[in-house]
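Survey of secondary and tertiary structure
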Amino acid sequence: MSVKEQSRSLLTSKDVSITNPRLIVLSILLRKGDPLTIDQILKASRGKLAQSTVYRVINDLQKFGLISEFTNPENATVIELNKEDAKHHHHLFCKNCRRIIDIELDRELEDHIQSEVLSIQEQYSLSIDGHSLELLGLCNFCS
Ligand SMILES: [Zn+2]
Ligand SMILES: [Zn+2]
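Residues numbered from 1 in each chain as written. Chains lettered and ligands numbered in written order. Predicted model: local features only at pLDDT ≥ 70, side-chain atom pairs only at ≥ 80, totals over all residues.

1. Regarding the overall build of the chain
- Tallying secondary structure elements over the chain gives 5 helices and 6 strands in all.
- Along the first, second and third principal axes, the C-alpha atoms of the chain reach 50 × 40 × 30 Å.
- For the chain, the residues scored as buried account for 15% of the 143 residues in total.
- Across the chain, every contact between residues at least 6 apart in sequence was considered, and the portion connecting residues at least 24 apart equals 50%. (Helix = DSSP H or I, 4+ residues; strand = E, 2+ residues; numbered from the N terminus. Buried ≥ 20, exposed ≤ 12 C-beta atoms within 10 Å, placed from the backbone. Contact = placed C-beta atoms within 7 Å.)

2. Description of the sheet that holds strand S3 (residues 77-81)
- With antiparallel pairing, 3 strands are arranged side by side in an open sheet as S1-S3-S2. With partners counted over all chains shown, the strands left at the sheet margins are strand S1 (36-37) and strand S2 (67-71), one partner each.
- Note that S1 and S3 share 2 bridges and pair antiparallel. Looking across to S3, one finds that Thr37 is bridged to Val78. (Pairing = 2+ DSSP bridges.)

3. A word on the domain arrangement of the chain
- According to the domain assignment, the chain contains domain 1 (1-82) and domain 2 (87-143).
- Summarising the inter-unit geometry, the C-alpha centres of domain 1 and domain 2 are found 23 Å apart.
- Between domain 1 and domain 2, the contact holds 6 residues from the first and 6 residues from the second.
- Each residue belonging to the side of domain 1 that touches domain 2 can be placed in one class, and the counts come to 4 nonpolar, 1 polar and 1 charged. (Domains from an automatic or database assignment. Nonpolar A, V, L, I, M, F, W, Y, C, P; charged D, E, K, R; others polar.)

4. A look at the pairing of S3
- Direction of pairing for S2 relative to S3: antiparallel, over a ladder of 5 bridges. Within S3, the position partnered with Phe70 by the bridge is Val78.
- Taken together, S2 and the strand that follows it, S3, pair antiparallel across an intervening segment of 5 residues, in which Asn75 is found at a positive phi of about 70°.

5. Concerning the sheet that holds strand S4 (residues 90-94)
- Here 3 strands make up an open sheet; going across it, the order is S5-S4-S6 and the pairing mixed. In this open sheet, the two edge strands, each paired with only one partner strand, are strand S5 (100-103) and strand S6 (134-137). Looking at each pair of strands side by side, their axes are set apart by 25° on average, direction ignored.
- Pairing analysis gives 4 bridges linking S4 to S5, with the strands arranged antiparallel. What sits directly across from Leu92, in S5, is Ile101. (Axes fitted to C-alpha atoms, helices over the stretch in contact; angles between N-to-C directions.)

6. Regarding the nonpolar core
- The biggest cluster of nonpolar side chains holds 17 residues, and the ones touching the most others in it are Val25, Leu29, Ile41, Val54 and Ile79.
- For this core, the elements supplying multiple residues, two or more each, are helix H2 (20-32), helix H3 (38-44), helix H4 (51-63) and S3.
- With near-sequence residues (within four places) excluded, Val25 lies in contact with Ile41, Val54, Val57, Ile58 and Leu61. (Core = buried A, V, L, I, M, F, W, Y, C linked by C-beta atoms within 7 Å.)

Here's what the structure looks like:
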């Protein structure tokens, strides 16, 4: 299946309308394979999309559950395609090449964090939606 066809079927799977900007953004994410910042998506679209369009499309795709957003150490928003078996995970940010690598923590550690979060919630009367843990260092190419 071509990247364009894959993008099309992602939108079809969510029963939402197939528009050219949506196809372009999904194709860029599929082609690169790694999470990308909004700037990288803009650059990769080679002038085909205005910045406001990219923001709108990202918003839509997130509502459809096709992508997730997180922040990199430079505080830029990073967009990641949700894989079909999308699991909660963490990221390693490579200081050298800026690649972002998916990291899964040990199940027990995740459970432990989760129970900690619940008790913090209770103790401080907060409402917590999730947690993130960033690993900073070098990827296997750069280390
Ligand atoms: Zn690297
Ligand atoms: Zn990830």
